[in-house]
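Single-letter residue listing:
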Amino acid sequence: MPPYLEVRGVRMAFGGKRVLESVDLAVERGRSLAILGPSGCGKSTLLRIISGLVRQDAGEVRLDGERIDAVPAERRGIGFLFQHYSLFPHMTVRQNIEFGLRMRGVPPEQRAARARELLRLIGLEGLADRRPGRLSGGEQQRVALARALAIEPRLLLLDEPFGALDAKIRRRLRRDLKALQRRLGITMVFVTHDQDEAFEVGDSIAVMHGGRIEQVGLPRDLYDHPATGFVARFVGNVNVLEMPVDPGEPAEEVIIRPEDVLVERVGDGEGHATLANYVFLGPLIELSLAMDTGDELAAIMTKVEFVERGLRRGQRMRVAFRALRTFPKEQEPERVIVPPRSMGPPEMPGMEPPLGMRW
Amino acid sequence: MAGEEGGGRTELRAMTKWLMVSLAFALFFVFVLMPLTSTVRFAFEDGPGKFWGAITTEDALNALGNSMLIATVVTLVNLGTGILIAWVIVRHDFPGRSIFRTLIELPIAVPTAVVGISFIMLYSPEAFLGKMTDSWGLAIIPSVTGIILAHIFVTFPFMVRSVSVVLEKLDVAQEEAAHTLGASRRQTLWHVTLPALRGGVVAGIALTFTRSLGEFGSTFMLAGGVLRTGPLEIYHLSEVNLDYQAASSVAILLMVLPFVILFGLNWAVDRMEAN
């Protein structure tokens, strides 16, 4: 069976500038896909093409097996949430929610009943007769969600919907949204540049960069098996070093996750680095190491480990990497160096392996 | 002590504030309110009966009727052209757009006497357009039509400006939201865009209407001593008849009328919105 939403070979250029380069995407019915990428990567344009607000230069969009490229936005039945809510300021909350049904000629009693139901769903029954201008940002976006759901959309698209809200409200709203999406079985495409948001809201995640989808997968896949250097750098925290992987080879760009940096305290004049600083992150501690090569390296360990080792600022450290990745410039399959557990840590080029390292 | 010093400074600041506020009021009174109050005093000097008599003479009613007619037509014409032009200069990009935008403001800089002479030069029986219209049996000067044309010139930028300011701030995403909710282009224009422009349109109507009601210079030149409007009637009463009480009475009516119309308009819009 073909996927519920299918985007195939979609290209788009604005004034000669290519924004999308042959994008393919698929979402199963009732699932949510988060499109994660930095600003300007084309993710919003892709969303607007799916909604019909923008017409693509080439490629096709299929919904439920049917091509919808030629269908105008107003007849696609696709809900859309905008970053700045875009409620109609001259209408009350209730009128905003009823708008889509009114445009379809649904009789007033039915409209009112549906609006009541949705107001209950978003928990804003008391604000039905307010104007949007008198609501908080979070409340406005909830009303916008109700307004989009009122038409029982075949698909819900969200363009950085919580981007204009402060962190606490954002976290709460995305939790509510995810719960609602699961409960109502809504098929959803969610655009964000915030990794936490993508991980929480998306059943799967598409990482976008420079008008291309770089990788689609579960959060865990993206983190543990990034397909490209961009994904490796964009998802999670990484150290990027310029060095040869094996002694004698030319220097390459090497990506190392902070948790894959292993350190051990050594005496003065020994080791590869100095502990420049550390930051408490609660149960974890982030170490900042000044390498003798001049690079800076972030490492992470539990508070317990940190205390057991009696680490202090200015101490000399021996460093090894549990795993590191390199990505050739032309985005070929990665070269991953992950030693089997029984083996010792990999040698850092030009350095002696740290001794007594616990695995 | 430091605390007392701080207190003294606060006191000084409060005093300065009151001084500034009083000054603002005083300036407003001397330059704006005082001239108007003297008119009110003159109009009611001999009691409300005289006032009523002055504003209900045949001449006065005729003049005010003309003014209302002219202002209404001018406003309706500008309502259409103003919204159209505002839409074009805000929503469409074309070469020379910014120059066009600037030129639209031109009438504000043109003295009304210049407007008067320009229209005479264009529509008088000897002039090119005047010859043409006369041959159709349609004399523009002197006529209400001529005055309406001159007033459209004078008020031209008001509607364009007040609507384009609102249109510029209007979030296009609102219209996009309407589309995704199933509204056609026409439904979106009618239910989303135009209501959002309401404030600008009301402001434009108010500016255009009051400006037309008060326009003297071009009106005077195009009326040819035959036609009367409100301002011309005031001039006639005071400068020809030397009846200052009557002139003041008509003046007050001319002053109050825009407010009445404005409140009426706002009320009507609110009612419309409630439904």
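Provided above is the structure to which this section pertains.
All figures in this text were calculated on a predicted structure; none of them were measured in a lab. Residue numbers run consecutively from 1 along every chain, following the written order of its sequence. Throughout, the order in which chains and ligands are written sets their labels, letters from A for the former and numbers from 1 for the latter. Owing to the predicted nature of the model, reporting of local features is limited to residues with pLDDT of at least 70; listing and counting of side-chain atom pairs is limited to 80 or more, with chain, interface and lining totals taken over all residues. Think of the side-chain values as coming from all heavy atoms in the structure, minus any hydrogens and water.

A. Quick peek at the overall build of chain B. Runs of H or I in DSSP of at least four residues are treated as helices and runs of E of at least two as strands, each being numbered from the N terminus. Counting its regular elements, chain B contains 13 helices and zero strands. Ordered by position from the N terminus, the helices and strands of chain B form the series α-α-α-α-α-α-α-α-α-α-α-α-α. Radius of gyration: C-alpha atoms only; globule rule: 2.2 Å multiplied by the number of residues to the exponent 0.38. In terms of overall size, chain B is more extended than a compact globule, its C-alpha atoms giving a radius of gyration of 24 Å where 275 residues would be expected to give roughly 19 Å. Overall size of chain B, expressed as C-alpha extent along the three principal axes, is 85 × 60 × 40 Å.

B. Broad picture of the interface of chain B and chain A. Residues are treated as being in contact if the distance between any of their heavy atoms lies within 4.5 Å. Contacts between chain B and chain A engage 20 residues on the former and 22 residues on the latter. Throughout, the accessible surface (probe 1.4 Å) given up by two parts as they are put together, summed over both, is called the buried area. Summed over both sides, the interface of chain B with chain A buries roughly 1,800 Å², with 61% coming from carbon and sulfur. Salt bridge, as applied in this entry: a Lys or Arg side-chain nitrogen positioned within 4 Å of an Asp or Glu carboxyl oxygen. Taken together, chain B and chain A are joined by one salt bridge. Ionic pairing is found between A:Arg48 and B:Glu176, a salt bridge with its closest N-O pair at 2.5 Å.

C. Structural context of unusual backbone geometry. Residues and elements named next belong to chain A. A positive phi angle is found at Asp64, which is not glycine, with a value near 55°. By the element assignment, Asp64 lies in the loop between β4 (58–63) and β5 (66–67). Each residue is assigned to one of three classes by its accessible area relative to the maximum for its type, calculated with a 1.4 Å probe on protein chains only: buried under 20%, partly exposed between the two thresholds, exposed over 50%. Judged by its relative accessible area of 42%, Asp64 falls in the partly exposed class. Here the phi dihedral of Tyr85 falls at roughly 65°; this positive angle occurs in a residue that is not glycine.

D. Broad picture of the pairing of strand β10 (residues 212–217) of chain A. Residues and elements named next belong to chain A. In this sheet, β10 lies alongside strand β9 (residues 204–209) in antiparallel orientation, the contact comprising five bridges. Bridged to Val207 within β10 is Gln215. Counted between consecutive antiparallel strands, the loop separating β9 from β10 contains two residues, among which Gly210 sits at a positive phi close to 55°. Paired strands are those between which DSSP finds at least two bridges.

E. Up close: the sheet that holds strand β2 (residues 17–27) of chain A. Residue and element names in this part refer to chain A. Ordered by their spatial adjacency, four strands build an open sheet running β2-β1-β4-β5, and the pairing between neighbours is antiparallel. Both outer strands of the open sheet, β2 and β5, are each paired with one neighbouring strand and no more. Only C-alpha atoms enter the line fits that serve as axes; for helices the fit covers just the stretch in contact. Angles between N-to-C directions range over 0 to 180 degrees. The sheet contacts of helix α1 (residues 43–51) involve β1 (5–14), β2 and β4, and relative to β1 the element is tilted by about 120°.

F. Highlighting the sheet that holds strand β16 (residues 296–302) of chain A. All names here are of chain A. The sheet built from five strands is open, its strands ordered β13-β17-β14-β15-β16 with antiparallel pairing. Only two strands of the sheet have a single neighbouring strand rather than two, namely β13 (261–265) and β16. Strand-to-strand twist across the sheet, computed as the mean angle between neighbouring axes with direction ignored, equals 40°. For strand β15 (residues 284–291) and β16, the ladder comprises seven bridges, and the chain directions are antiparallel.

G. A look at the packing of aromatic side chains. Two aromatic rings from Phe, Tyr or Trp, using only the six-membered ring of Trp, form a pair when their centres are within 6.5 Å; if the ring planes differ by under 30 degrees the pair is stacked, by over 60 it is edge-to-face, and anything between is tilted. Per the stated rule, a full pass over the model turns up 13 aromatic pairs over all chains. Judged by centre distance (5.6 Å) and plane angle (50°), the ring pair of B:Phe216 and B:Tyr235 falls under tilted. Note that B:Phe216 is positioned in the loop between α10 (185–214) and α11 (217–223) and B:Tyr235 in helix α12 (residues 230–240), a separation of 19 residues in sequence. By the ring-pair criterion, three or more aromatic residues cluster together here, those being A:Tyr278, A:Phe280 and A:Phe306. A positively charged side chain is recorded as over a ring if its NZ (Lys) or CZ (Arg) lies within 6 Å of the ring centre. The angle to the ring normal must also be within 35 degrees. The lysine or arginine in question, A:Arg313, covers the ring of A:Tyr278, its NZ or CZ lying 4.5 Å from the ring centre. Looking at B:Lys17, its charged tip hangs above the ring of B:Trp18, at a distance of 5.2 Å from the centre.

H. Spotlight on the side chain of A:Arg325. Residues and elements named next belong to chain A. Within the secondary structure, Arg325 is located in strand β18 (residues 324–326). Judged by its relative accessible area of 13%, Arg325 falls in the buried class. The definition of a polar contact used here is a pair of N or O atoms within 3.5 Å, where within protein one atom must be able to donate a hydrogen and the other to accept one, and adjacent residues in sequence count solely through side-chain atom pairs. Among the polar contacts listed, one links the side chain of Arg325 to the backbone oxygen of Asp224, at a separation of 2.6 Å.

I. A look at the nonpolar core. Residues and elements named next belong to chain A. Nonpolar core, defined: a set of buried Ala, Val, Leu, Ile, Met, Phe, Trp, Tyr and Cys residues in which side-chain atoms within 4.5 Å join the residues together. If you look at the biggest cluster of nonpolar residues, it comprises 34 residues, and the most contacted ones within it are Leu5, Leu20, Ile35, Leu46, Leu155, Leu157 and Val189. The element that contributes the greatest number of residues to this core is β2, accounting for five residues. In this structure, Ala150, Leu173, Leu180 and Met188 belong to the second largest nonpolar core, which totals 31 residues.

J. Fine view of the pattern of salt bridges. Residue and element names in this part refer to chain A. All told, the structure shown has 34 salt bridges over all chains when counted by the stated rule. The residue Arg31 makes a salt bridge to Asp203 at a minimum N-O spacing of 3.9 Å. Pair noted here: Arg31 is in the loop between β2 and β3 (32–36) and Asp203 is in the loop between α6 (195–201) and β9, with a separation of 172 residues, a long-range link. In this structure Asp203 comes out as buried when scored by relative accessible area, which is 15%.

K. Region of interest: helix α9 (residues 172–180) of chain B. Extensive coverage of α9(B) is indicated by the burial of eight of its nine residues. Taken together, the buried positions of α9(B) are B:Ala173, B:Gln174, B:Glu175, B:Glu176, B:Ala177, B:Ala178, B:His179 and B:Thr180. At its buried positions, α9(B) is contacted by α1, β6 (78–81), α2 (93–103) and α4 (137–150) of chain A together with α3 (58–91) and α10 of chain B. Of the residues flanking the end of α9(B), it is B:Gly182, one or two places downstream, whose phi is positive at about 105°.

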